[in-house]
Amino acid sequence: MSAAHDQVVEQALAWIDAGKRAALATVIETWGSAPRPVGSQLAISAAAELAGSVSGGCVEGAVVAEALEALEDGQPRVLEFGVSDDQAFAVGLACGGRIRVMVEPIGGESGAHPVHPDWNKTIRKLCDQYGSLLIFDEVVTGFRLDMGGAQKLYNIMPDITVLGKIITHGYPSSGAVAGRKDVMKVCSGSMGDKIFVGGTLAANPISMAACYYALKYMAENDAVAKATAYANRLTKALNDLYATRPDLGFFVYNFGAIMHYMTTAFFSIDLNAPNALTEIFSRNQVADDYQVVTMAHGLCTLAGTRMYTCMQHDDASLKKTL
């Protein structure tokens, strides 16, 4: 991996650390006279700041537009540009070349958007086919979609699972890395010939106790089902409320206790229109403003587009939210 490649990823992580959202575009396949080799990357922040390159010219303009859309809908996509494509000359691809670029949002938004039921099964098959490890990031979905996380819901066994501080109910802060026995055998809490896996509170007795009792309490009190039931009620109530103002184009959907609401009519943007980027920026500002308003009224949201419910939410919470 080159130093330039590292710098692109580091810049993306720096944006995330600064509270910005970011997407990563990677050249995954080329044919003929492609401007950049496989593995070339371009990082894009929600403010359209760029680091790296996947092509140069107008191709990157198209990639940036798709990346900004990916930050809104949370969905990765694979783009293809080439002379055999009607869009080839419009995006300025080098003569005789084609490239495929994967664009994916990165950061703490993963898991907030539902995927096609066959998506994870297909990824599992591809990992088995090419001998790659399948890693499930369950920081958001763990103990929210099911006590067994998304992997239980989808009935798919990953090779490694990453869990966040929900395992200790938020205090003391902790996380976990779990996986197949043969995979975890190469991990170690100390340096040596094994992969180092550790953290600030790694194997801390207080964290372990908090983890045990938090998960025990959630299981005994049917926390996931209660949080999901409330999310279903809140989603319906908000959509009923938004229906009274059809001119706004607002809507909400939920996946278990994870709620996603659209207040910017982003899906109505024509990405091929000359003013697409202007529309994206203005609607992103609307989402930010919406977050400020909801926070001022005591409703905690994530980036003005997401909410999470828990077992403690009740009728009083619903009334206050509405």
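What you see is a predicted model, and the numbers here were worked out from it, not measured in a lab.

A.B. asks: What exactly am I supposed to notice about the overall build of the protein here?
C.D. replies: Each helix and strand in the protein was counted, giving 9 helices and 13 strands. Expressed as a percentage of contacts within the protein between residues at least 6 apart in sequence, the contacts between residues at least 24 apart total 56%. When the accessible surface of the protein is totalled, it reaches about 17500 Å², and 58% of it is carbon and sulfur.

A.B. asks: It is not clear to me how the nonpolar core should be interpreted in this structure. Could you clarify?
C.D. replies: Burial of nonpolar side chains together is a common tendency in soluble globular proteins. Among the nonpolar cores identified, the biggest contains 20 residues, and Ala-25, Leu-42, Ile-44, Val-63, Val-101 and Val-103 are the most heavily contacted of them. When residues of this core are traced back to their parent elements, those giving at least two are strand S1 (22-32), strand S2 (41-45), helix H2 (58-73), strand S4 (77-82) and strand S5 (97-106). Leave out the neighbours within four places in its chain, and Leu-42 touches Val-8, Ala-23, Leu-24, Ala-25, Leu-50, Ala-51, Gly-52, Ser-53, Val-54, Glu-60, Val-63 and Val-64. Counting 11 residues, the second largest nonpolar core, distinct from the first, contains Leu-234, Tyr-242, Tyr-261 and Met-307.

A.B. asks: What is the right way to look at helix H3 (residues 119-130) in this model?
C.D. replies: Each turn of an α-helix holds 3.6 residues, which means side chains three or four residues apart point in the same direction. The end-to-end C-alpha distance of H3, which contains 12 residues, comes to 17 Å, matching closely the 16 Å that a straight helix rising 1.5 Å per residue would cover. For H3, the full list of buried residues reads Asn-120, Arg-124 and Cys-127. Burial along H3 is one-sided: seen end-on, the buried residues are contained in an arc of 65°. In H3, the exposed residues that point more than 90 degrees away from the buried face are Lys-125, Gln-129 and Tyr-130. Buried residues along H3 sit in contact with strand S6 (135-137) and helix H4 (149-154). One or two positions beyond H3, positive phi appears at Gly-131, with a value near 70°.

A.B. asks: Just checking my understanding: could you explain the confidence of the model for the protein for this structure?
C.D. replies: The predicted model of the protein averages 80 in pLDDT, with 80% of residues at 70 or higher. Ranking the elements of the protein by mean pLDDT puts strand S10 (residues 195-196) last with 68 and helix H7 (residues 223-242) first with 94.

A.B. asks: Would you take a moment to explain the sheet that holds strand S11 (residues 251-255) for this structure?
C.D. replies: Hydrogen bonding along the main chain pairs the strands of a sheet, whether they run parallel or antiparallel. Pairing within the open sheet is antiparallel, and its 3 strands lie in the order S11-S12-S13. With one partner strand each, in any of the chains shown, S11 and strand S13 (306-308) form the two edges of the open sheet. Adjacent strand axes in the sheet meet at a mean angle of 20° when their direction is disregarded. Relative to strand S12 (residues 258-262), S11 runs antiparallel, the two being bridged by 5 bridges. If you follow Phe-251 over to S12, its bridge partner there is Met-262. The sheet strands contacting H7 are S11, S12 and S13, and the helix crosses S11 at an angle near 170°.

A.B. asks: What is the right way to read H7 from this model?
C.D. replies: The first and last C-alpha atoms of H7 sit 28 Å apart over 20 residues, in line with the 28 Å expected at 1.5 Å per residue. Along H7, the positions that sit buried rather than exposed are Ala-223, Val-224, Ala-227, Thr-228, Tyr-230, Ala-231, Leu-234, Thr-235, Ala-237, Leu-238 and Tyr-242.

Rules behind the numbers
Residues numbered from 1 in each chain as written. Predicted model: local features only at pLDDT ≥ 70, side-chain atom pairs only at ≥ 80, totals over all residues. Heavy atoms only, no water. Helix = DSSP H or I, 4+ residues; strand = E, 2+ residues; numbered from the N terminus. Contact = heavy atoms within 4.5 Å. Areas by Shrake-Rupley, 256 points an atom, 1.4 Å probe, with all protein chains shown as cover. Core = buried A, V, L, I, M, F, W, Y, C linked by side-chain atoms within 4.5 Å. Buried < 20%, exposed > 50% of the residue type's maximum accessible area, 1.4 Å probe, protein only. Expected span 1.5 Å × (residues − 1). Arc of directions from axis to C-beta. pLDDT = per-residue confidence, 0-100. Pairing = 2+ DSSP bridges. Axes fitted to C-alpha atoms, helices over the stretch in contact; angles between N-to-C directions.

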